[in-house]
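Remarks on the overall topology
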Amino acid sequence: MQKSGPVKAVEVTANEEMKLPDARGHFGPYGGRFVAETLMGPLEELTRAYERYLKDPEFLAELDSELKHYVGRPSPLYHAKRWSERLGGAQIYLKREDLNHTGAHKINNTVGQALLAHRMGKTRIIAETGAGQHGVASATVAAKLGLECVVYMGSEDIKRQSVNVFRMKLLGARVVAVEAGSKTLKDALNEAMRDWVTNVDDTFYIIGTVAGPHPYPAMVRDFQVVIGRETRQQCLDMTGHLPDALVACVGGGSNAIGLFYPFIKDSNVRMYGVEAGGDGIETGRHAAPLNAGSPGVLHGNRTYLMEDKNGQIIDTHSISAGLDYPGVGPEHAWLKDTGRARYVAINDDEALAAFHNLTRTEGIMPALESSHALAYTEKLAPQMSRDEIIVVNLSGRGDKDIQTVAVREGISL
Amino acid sequence: MSRIKDCFDNLHKCGGKALVPFITAGDPDPEITLPLMQALVRGGADIIELGVPFSDPMADGPVIQRSSERALKHATSLNDVLRIVANFRKENQKTPVVLMGYLNPVEVMGYQEFAKRASEAGVDGVLLVDLPPEESDELQLALNRYDLNQVFLLSPTTSDERLALICSKASGFLYYVSLKGVTGSNRLNVDDVAKKISHIRSKTGLPIGVGFGIKDAATARAVAGFSDAVIVGSALVERIAQLGEHKDRLIEDVTVYLTELRTAIDAP
């Protein structure tokens, strides 16, 4: 077996389809820039900066260095032998994004955007967060760069993720509870947009997922694509061939697009995005717009949404705060329509079972978000042969979720 | 014919300025919206901006967010809003009505269907806050087909390049957002806005309305000095929030408030 060489975070591999989005941020009919006029100028400014610095060798070298020495990249690709054996089918490899600094893939993007903010002369960053992972990752880079940081979080999520709230505060961020609407991630995003429109001169808005107005879906993808680039190289080095299937959970979809993107042209590599099925798709209480939603416009882009017949956004439900979002990144909408990726749903109970299974079998405690991808892998692996390979994106670690798990199972800590 | 154009032409002839109140349809309940619109006209409104409630009003401050929430408690839909406008038109053929809101309810109804039904209901113009001109071509085709105006926002961050683009697509009037922020957030700086309006005027012949941050008669009067229309939203919606339970007083109060603004704007 060959030792895996370092994979450049920002080097474009031949496999990557660089045609999308178009100049105005469209992935087919999806994406675009649907915001109030006040934000159009700032978004144009951001797009120019992002396009410039993603070609700037000095910026890229700094980003690579931060990803290596601060984030701890490359993250390992781990062969989960006991779990594979137990499932009795394909060999399962876990892309260990849970081992990144702050415990999830979110930091890849916040490091990139914060460096960009710094270059653009912005002194204040704002972020929205659901599970709190993106909020923590934003507060972390803000502390490191000496930037003021305000994180918007739904009051419902603040209750579910009190440990992450405290982490953000320890890092010096101000956490603002959002009481509007369903008091979850979508409302936090609305509130962050309102802050941005008010303080646009000195403020950089770090969106945590591949949604929002152009250039965010493309920019966040470009900062997360390091996941897939490393995976491709590591898988080749370890096994001599590419994976047969990729599995990742999809809320907004940043960890999934990061893994999928460098494989889009490898037509033999199947891709599975796993949405939050909540109480079950048939109950209507879920967060699976690609499985059971319809196209519409929210948060600056056109994509699949959970909406009613009058175009109002409906409340979502998931055991995992990070997947509890009524939209999805526009590139996933496009990959669904083109058939390049398949989107499935896993309900709360299945995700919880997978959480326990991986913890007990491999000694790795996954985030409840990532547990959705693991639960689908438990269905997929037995249908595949022992010489086939599945790579699952283990997008975050589960420490933040133990309270949720305990409450759900009637255990008091 | 365009009611909006006629309205501005008539005002122009006598040196008057338009008073444009905003209310959210269905706030606090769908039954009161028609009498409220009639009260606005009695109080001196030249054009009515009627808000279409949306679950995620990203560009609005707390006052208008809550008005949307109250309207949605009664499930006020775009269909309901069009029905209200149709009822208003039975008695009023003159006062233009501009629907203001977010794209998604229109997107879900379908652009052609929306334009056709809005026109049948007697709507005159449409302002979708999250639909910039870059994304509006398809809707614009549909609106043009039914002679509906499309109003666009201008803001302090709008570059000259964008100003040219927006002016080339807009019809009816332009809506200048007087400050960076959400609706109802602050008081505007009259001198800054006056300078901006004079710059915009050098680029277009369209009437220019000013909104955001106009909370009282004095500001309304000052803004009327250099714009073509004074748009009042949050300050009015806040009154509706406070008097929502007392419908008779609400109608009376709104009429009196509009009359105050009207008098201030018209004062020689």
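Below you will find a few notes about this structure. (Residues numbered from 1 in each chain as written. Chains lettered and ligands numbered in written order. Predicted model: local features only at pLDDT ≥ 70, side-chain atom pairs only at ≥ 80, totals over all residues. Heavy atoms only, no water.)

1. Re the overall build of chain B
Helix and strand counts for chain B stand at 12 helices and nine strands. Over its C-alpha atoms chain B spans a radius of gyration of 17 Å, differing by no more than 12% from the 18 Å that the globule rule assigns to 268 residues. Projected onto its principal axes, the C-alpha coordinates of chain B cover approximately 45 × 40 × 35 Å. Burial status across chain B gives 63% buried among its 268 residues. As displayed, chain B has an accessible area near 10,400 Å², and 50% of this comes from carbon and sulfur atoms. In chain B, 29 side chains carry a positive charge and 35 a negative one; their mean positions are 4 Å apart. (Helix = DSSP H or I, 4+ residues; strand = E, 2+ residues; numbered from the N terminus. Rg over C-alpha atoms; globule rule 2.2 N^0.38 Å. Buried < 20%, exposed > 50% of the residue type's maximum accessible area, 1.4 Å probe, protein only. Areas by Shrake-Rupley, 256 points an atom, 1.4 Å probe, with all protein chains shown as cover. Lys, Arg positive; Asp, Glu negative; His and termini not counted. Charge placed at Lys NZ, Arg CZ, Asp CG, Glu CD.)

2. A closer look at the overall build of chain A
For chain A, the count of helices and strands is 16 helices and 14 strands. At 19 Å, chain A has a C-alpha radius of gyration in line with the 22 Å of a compact globule built from 413 residues. The proportion of buried residues among the 413 residues of chain A is 66%. The long-range fraction of contacts in chain A, counting pairs at least 24 apart against all pairs at least 6 apart in sequence, stands at 74%. When the accessible surface of chain A is summed, it comes to about 14,100 Å², and 50% of that surface belongs to carbon and sulfur atoms. Computed over 45 positive and 51 negative side-chain charges, the inter-centroid distance for chain A is 2 Å. (Contact = heavy atoms within 4.5 Å.)

3. Considering unusual backbone geometry
Along the chain, A:Arg73 connects to A:Pro74 via a cis peptide bond; the corresponding omega equals 0°. Structurally, the position occupied by A:Pro74 is in the loop between α2 (57-71) and β3 (77-79). One non-glycine residue, B:Asp147, lies in positive phi territory at about 55°. For B:Asp147, the position within the fold is in the loop between α7 (137-145) and β5 (149-150).

4. Structural notes on the interface of chain B and chain A
In this complex, chain B contributes 37 residues to the contact, which on the side of chain A involves 39 residues. Summed over both partners, the interface of chain B with chain A buries about 2,900 Å², with 49% contributed by carbon and sulfur atoms. A salt bridge links A:Arg302 to B:Glu107, with the shortest nitrogen-to-oxygen separation between them at 2.5 Å. The tally of links between chain B and chain A comes to 23 residue pairs in polar contact (both at pLDDT 80 or more). Among the secondary structure elements, those contributing two or more residues to the side of chain B that touches chain A are α3 (62-73), α5 (103-109), β6 (152-154) and α8 (160-169) of chain B. (Buried area = accessible area lost by both parts, 1.4 Å probe. Salt bridge = Lys/Arg side-chain N within 4 Å of Asp/Glu carboxyl O. Polar contact = N/O pair within 3.5 Å; in protein donor to acceptor, adjacent residues only side chain to side chain.)

5. A few points about the nonpolar core
B:Leu50, B:Leu99, B:Phe114, B:Leu174, B:Tyr175 and B:Val232 are the most contacted members of the largest nonpolar core, which totals 102 residues. Ranked by the residues each element gives to this core, the list is headed by helix α12 (residues 247-266) of chain B, at seven residues. Non-local contacts of B:Val232, meaning those with residues more than four positions away in its chain, are made with B:Leu19, B:Val20, B:Pro21, B:Phe22, B:Ile214, B:Tyr257 and B:Leu261. Counting 59 residues, the second-largest nonpolar core is a separate cluster that includes A:Ala114, A:Leu185, A:Tyr205 and A:Ala211. (Core = buried A, V, L, I, M, F, W, Y, C linked by side-chain atoms within 4.5 Å.)

6. Thoughts on the pattern of salt bridges
Residue and element names in this part refer to chain B. For the coordinates displayed, the defined rule picks out 42 salt bridges over all chains. Here Asp-27 and Arg-70 are joined by a salt bridge, their closest N and O atoms 2.6 Å apart. Of this pair, Asp-27 sits in the loop between β1 (18-24) and α2 (30-42) while Arg-70 is found in helix α3, placing the two residues 43 residues apart along the sequence. Here Asp-124 ties to Arg-89 by a salt bridge, and the two come within 2.7 Å at their closest N and O atoms. Taken together, the residues Asp-124 in the loop between α6 (111-121) and β4 (125-128) and Arg-89 in helix α4 (residues 78-91) connect sequence positions 35 residues apart. A single burial state applies to Asp-124 and to Arg-89, both of which are buried.

7. Some remarks on helix α1 (residues 37-53) of chain A
Residue and element names in this part refer to chain A. End to end, α1 covers 25 Å across 17 residues, agreeing with the expected 24 Å (1.5 Å per residue, within 8%). With 12 of 17 residues buried, α1 lies mostly within the body of the structure. Among the residues of α1, Glu-37, Thr-38, Leu-39, Met-40, Gly-41, Pro-42, Leu-43, Leu-46, Thr-47, Ala-49, Tyr-50 and Tyr-53 are the ones counted as buried. (Expected span 1.5 Å × (residues − 1).)

8. A few points about the sheet that holds β4(B)
Here nine strands make up an open sheet; going across it, the order is β5-β4-β3-β2-β1-β9-β8-β7-β6 (chain B) and the pairing parallel. Edge positions in the open sheet fall to β5 and β6 of chain B, since each of these has one partner strand only. (Pairing = 2+ DSSP bridges.)

9. What about the side chain of A:Ser182?
All names here are of chain A. Counting through the fold element by element, Ser-182 comes out in the loop between β7 (174-178) and α8 (185-198). For Ser-182, the side chain forms a polar contact with the side chain of Asp-187, separated by 2.8 Å. In this view, Ser-182 contacts Glu-156, Asp-187 and Asp-315; residues no more than four positions away in its chain are not counted.

10. Describing the packing of helix α14 (residues 348-362) of chain A against helix α15 (residues 368-380) of chain A
All names here are of chain A. The contact between α14 and α15 brings their axes to 7 Å, and the two run at 90°. Judged by the inter-axis angle, α14 sits roughly perpendicular to α15. Residue-level inspection shows Glu-350, Ala-351, Leu-352, Ala-354, Phe-355, Asn-357 and Leu-358 of α14 in contact with α15, the latter providing Leu-368, Ser-371, His-372, Leu-374, Ala-375, Glu-378 and Lys-379. Tallied by class, the residues present in the contact of α14 with α15 amount to eight nonpolar, three polar and three charged. (Axes fitted to C-alpha atoms, helices over the stretch in contact; angles between N-to-C directions. Parallel < 35°, antiparallel > 145°, perpendicular 65-115°, else oblique. Nonpolar A, V, L, I, M, F, W, Y, C, P; charged D, E, K, R; others polar.)

Remember, this is a structural readout, not a statement about activity or role.
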